[in-house]
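# Coordinates in review
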Amino acid sequence: MKRTFAVALAALALVMLAGDAQAQAKPKRIAVAVMDFEYGTLDNWWGNYDIGKGMADQVVDALVEDGTFSVIERKKLDAVLAEQDFAQSNRAAPSAATLAKVGKIKGIQYILSGSITKYTTERKDGGIRVKGIGLGGGKGKAEVHLTVRLIDVTTGEILVSAKGVGESKKGGAFSFSSGSVGVGMGSSEYRNSALGDAQAMACTDLVAKIVAKKDRLEE
């Protein structure tokens, strides 16, 4: 009887230890919301396409894939930003009113806002920026630079600043000014171009640098 009781206690202790280990292995993730990127300082060669929104979507995908942060659904954020008339000009530096509104969304502790500071593509043969269709037209060289800040929605304090850089000579040149339906950052033409590859590299680089500084944030 005593032996059976001892075995039962030992089994219970093992279950409790396993539960503690599992809890420690899955710490609470920090919740962030990603703003559309500002890009007003760049030359306008992509037509009416919002490259800032497309960039934000790819950064969200990279953050989710990494798994370090809990990323808030964009639909919730978009609803708040629509109420605030959130223009491209203040995407990189949200106002106190915008931060207060975003902070009311359940779970959001920090917002990631930033700018596309370089977004260029060139033909290998002519060394000029592509303004025509340019899909698959020769080799391309592209560079994408991103700068972001992680901001505490309660205090407005900037806790993390990071830069992501991507450079590629993969595939052909690319231009959003082709006017083709469906030609955007989600298209296979874009992903297979030098510009699409450079953007993916910049997003990966950016997320790695943000994750490396996560100890500056409170869970």
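### Focus on the overall build of the protein chain
Within the protein chain, the secondary structure is distributed over six helices and five strands. Scanning the protein chain from its N terminus toward the C terminus, one meets helices and strands in the order α-β-α-β-α-α-β-β-β-α-α. Taking all 219 residues of the protein chain together, the buried fraction comes to 40%. In the protein chain, the share of contacts with a sequence separation of at least 24, taken over all contacts with a separation of at least 6, comes to 72%. Within the structure as shown, the protein chain displays about 12000 Å² of accessible surface, and the carbon and sulfur contribution to it stands at 53%.

### A word on the packing of helix 2 (residues 51-66) against helix 6 (residues 194-212)
Two numbers describe how helix 2 lies on helix 6: the axes approach to 9 Å, and their chain directions differ by 50°. Overall, the two elements helix 2 and helix 6 adopt an arrangement that is oblique. Note on packing geometry: the crossing formed by helix 2 with helix 6 is right-handed. Mapping the contact onto sequence places Gly 54, Met 55, Gln 58, Val 59, Ala 62, Leu 63 and Asp 66 in helix 2 and Gln 199, Ala 200, Cys 203, Leu 206, Val 207 and Val 211 in helix 6. Residue composition of the contact of helix 2 with helix 6, grouped by class: nine nonpolar, three polar and one charged.

### Here we look at the confidence of the model for the protein chain
On average, residues of the protein chain carry a pLDDT of 76, and 68% of them reach 70 or more. Confidence, expressed as mean pLDDT per element, reaches its minimum in the protein chain at helix 1 (residues 2-25) with 54 and its maximum at strand 5 (residues 158-168) with 95. Low pLDDT, under 50, characterises residues 126-137; the stretch is placed with 31 contacts to residues that sit more than four places away or in other chains. The model gives residues 178-182 a pLDDT under 50, and that stretch makes three contacts with residues more than four places away or in other chains.

Conventions used here
- Residues numbered from 1 in each chain as written.
- Predicted model: local features only at pLDDT ≥ 70, side-chain atom pairs only at ≥ 80, totals over all residues.
- Heavy atoms only, no water.
- Helix = DSSP H or I, 4+ residues; strand = E, 2+ residues; numbered from the N terminus.
- Buried < 20%, exposed > 50% of the residue type's maximum accessible area, 1.4 Å probe, protein only.
- Contact = heavy atoms within 4.5 Å.
- Areas by Shrake-Rupley, 256 points an atom, 1.4 Å probe, with all protein chains shown as cover.
- Axes fitted to C-alpha atoms, helices over the stretch in contact; angles between N-to-C directions.
- Parallel < 35°, antiparallel > 145°, perpendicular 65-115°, else oblique.
- Left-handed = near helix turned anticlockwise from the far one by under 90°.
- Nonpolar A, V, L, I, M, F, W, Y, C, P; charged D, E, K, R; others polar.
- pLDDT = per-residue confidence, 0-100.

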